[in-house]
Amino acid sequence: MAKKNWIYGRNVVITGCSTGIGKELTVQLVKNFGCNVMGVARNKQKLDLLKEELGDKFDYRRFDISDENAWYDFSEEMQNIGYNVDVLINNAGMIQEFSQYADMDMQTIRKIVDTNFNSVIFGVAAFLPLIKKSKFGYIVNISSASAILPVCGETVYSATKGAVRAFSESLAQDLSGFGIGVSCVMPGPVKTDLYKQRDAGGSAKKDYELVEKIGITAETAAKRIIKAMRKRKVRVLIDAVAKLMDFGMRVAPSLTQKITCKAMKAACCYVPAFAPVFKEQIENKEEIKQELKERKEQMYRSLEEVPEKGAFAK
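Enquirer: Any chance you could explain the overall build of the protein here in plain terms?
Expert: The number of helices and strands found in the protein is twelve helices and nine strands. The dimensions of the protein, computed from C-alpha atoms along their principal axes, are 70 × 50 × 35 Å. Within the span of the protein, comprising 314 residues, buried residues form 46% of the whole. A sequence separation of at least 24 residues applies to 70% of the contacts in the protein between residues at least 6 apart.

Here it is as structure tokens:
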């Protein structure tokens, strides 16, 4: 065990601990660093298996992380049982299916915002008073490479992850005077069940094959996150895809966005998940080209047709 590391022996809270990055973080923190981990997730069967594997250094609670009151109840319970929290890791999240924003229903939009962003601000608000009491206070928020380069078809997901990034980087400045560290982790594709579950249709296999080719494992992601925590880094890019996206947005942001969109459109036949974003454009290619041409012409004509009186003139 890495006893010289400040992380050794800390009390940790991790959301989304039953699968993917959250599970790997839980296992590595317990087994390699002797941490006590209080996990938060919904799948009781998976949580029980994890409890069986990790023993007394792991326990869990099940509640809706998008419920603000549930967070405060959870925080109060931790105080009552004497679990002095040193580290909060907001890992839980959900992936948006690729689609045009106009095709999304408000219920889905709210669910993504609540799960990916509101849960983070609720968690920090509920546990910050406890973390401030710790000599090793630390917060980790898992964002996404989409916070660096928002992509078409992922409007709400990208927005929530961008919000997590801005919140985390601002929070890091707020808390620097208290000696509390904040890391915002922005991974690219990671080989987790989220990608397998996103599409129940036959195209899911092809989509996941892409992640298998370019993504890193959850185990690798967890190791790199813990390494960044040890160094108390604020901005954490843990894979080549995220670093490439970051480089492109620093050097030529407009060009990078344009190339990314065109590449996704061209890859529709290889990655079926992209198809709903461009379906209408591909099927009605000529009509849309003509419509764009007419819109452009109308835009310039309209400058000569501006009425002297406003629309609400009597």
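Next, the rest of the story.
Enquirer: Got a minute to help me understand helix α8 (residues 218-231) in this structure?
Expert: Side chains three or four residues apart in an α-helix point the same way, a direct result of the helix having 3.6 residues per turn. The terminal C-alpha atoms of α8, which comprises 14 residues, lie 20 Å apart, in line with the 20 Å expected from a rise of 1.5 Å per residue. Those residues of α8 not exposed but buried are A218, A221, A222, I225, I226, A228 and M229. Take α8 and look down its axis: the buried residues cluster within an arc of 160°, on one side only. One or two positions beyond α8, positive phi appears at R232, with a value near 55°.

Enquirer: Teacher, can you tell me more about the state of the cysteines here?
Expert: One covalent bond between the sulfur atoms of two cysteine residues makes up a disulfide. Enumeration over the complete set of coordinates arrives at zero disulfides. For the unlinked cysteine C152, the closest cysteine sulfur is that of C261, found at 3.7 Å. On the basis of relative accessible area, C152 is assigned to the partly exposed category, the value being 23%.

Enquirer: What is the right way to read the environment of I216 from this model?
Expert: Mapped onto the elements of the fold, I216 is located in strand β8 (residues 216-217). Residues I216 and S168, 48 residues apart in the sequence, show an inter-C-alpha distance of 23 Å. Sequence-distant contacts of I216, that is, excluding residues within four places in its chain, are made with P189, V190, K191, A221, R224, I238 and D239.

Enquirer: Could you clarify how one ought to interpret the environment of L175 in this entry?
Expert: Within the secondary structure layout, L175 lies in helix α5 (residues 155-175). For L175, a relative accessible area of 3% translates into the label buried. A sequence separation of 43 residues divides L175 from K132, and the C-alpha atoms of the two residues are 9.1 Å apart. Those residues in contact with L175 that lie beyond four places of it in its chain are L128, K132, I139, I180 and V182.

Enquirer: Teacher, can you tell me more about the packing of helix α10 (residues 253-266) against helix α11 (residues 275-283) here?
Expert: Between two packed helices, both the angle of their axes relative to each other and the distance between the axes serve to describe the pair. Two elements in contact, α10 and α11, have axes separated by 10 Å at closest approach and are oriented at 80°. The orientation of α10 with respect to α11, classified from their angle, is roughly perpendicular. Residues C261, M264 and K265 of α10 lie in contact with α11, whose contacting residues are F278, Q281 and I282. By residue class, the composition of the contact of α10 with α11 is four nonpolar, one polar and one charged.

Enquirer: Looking at this structure, I do not really get the pairing of strand β5 (residues 138-142). What am I missing?
Expert: The side chains of a regular strand alternate, residue by residue, between the two faces of the sheet. Across the five residues of β5, five count as buried, placing the element largely inside the fold. Covered by surrounding structure in β5 are Y138, V140 and I142 together with I139 and N141, the residues of both alternating faces. Here strand β4 (residues 87-90) pairs with β5 via four bridges, running parallel. Of the residues in β5, the one forming a bridge with I89 is V140. Following the backbone out of β4, through helix α4 (residues 106-132) and into the adjacent parallel β5, one traces a crossover that is right-handed.

Enquirer: Could you clarify how one ought to interpret the pairing of strand β1 (residues 11-15) in this entry?
Expert: Of all five residues making up β1, five are buried, and the element is well covered by its neighbours. Of the two faces of β1, the one holding N11, V13 and T15 and the one holding V12 and I14 are both buried throughout. Assessed by its sense of winding, the connection that carries the chain from β1 through helix α1 (residues 20-33) to strand β2 (residues 36-40) is right-handed. Pairing analysis gives three bridges linking β1 to β4, with the strands arranged parallel. Each residue of the ladder has a partner; that of V12, found in β4, is V87.

The rules behind each value
Residues numbered from 1 in each chain as written. Predicted model: local features only at pLDDT ≥ 70, side-chain atom pairs only at ≥ 80, totals over all residues. Heavy atoms only, no water. Helix = DSSP H or I, 4+ residues; strand = E, 2+ residues; numbered from the N terminus. Buried < 20%, exposed > 50% of the residue type's maximum accessible area, 1.4 Å probe, protein only. Contact = heavy atoms within 4.5 Å. Expected span 1.5 Å × (residues − 1). Arc of directions from axis to C-beta. Disulfide = S-S within 2.5 Å. Axes fitted to C-alpha atoms, helices over the stretch in contact; angles between N-to-C directions. Parallel < 35°, antiparallel > 145°, perpendicular 65-115°, else oblique. Nonpolar A, V, L, I, M, F, W, Y, C, P; charged D, E, K, R; others polar. Pairing = 2+ DSSP bridges. Right-handed = clockwise from strand over helix to strand, strands pointing away.

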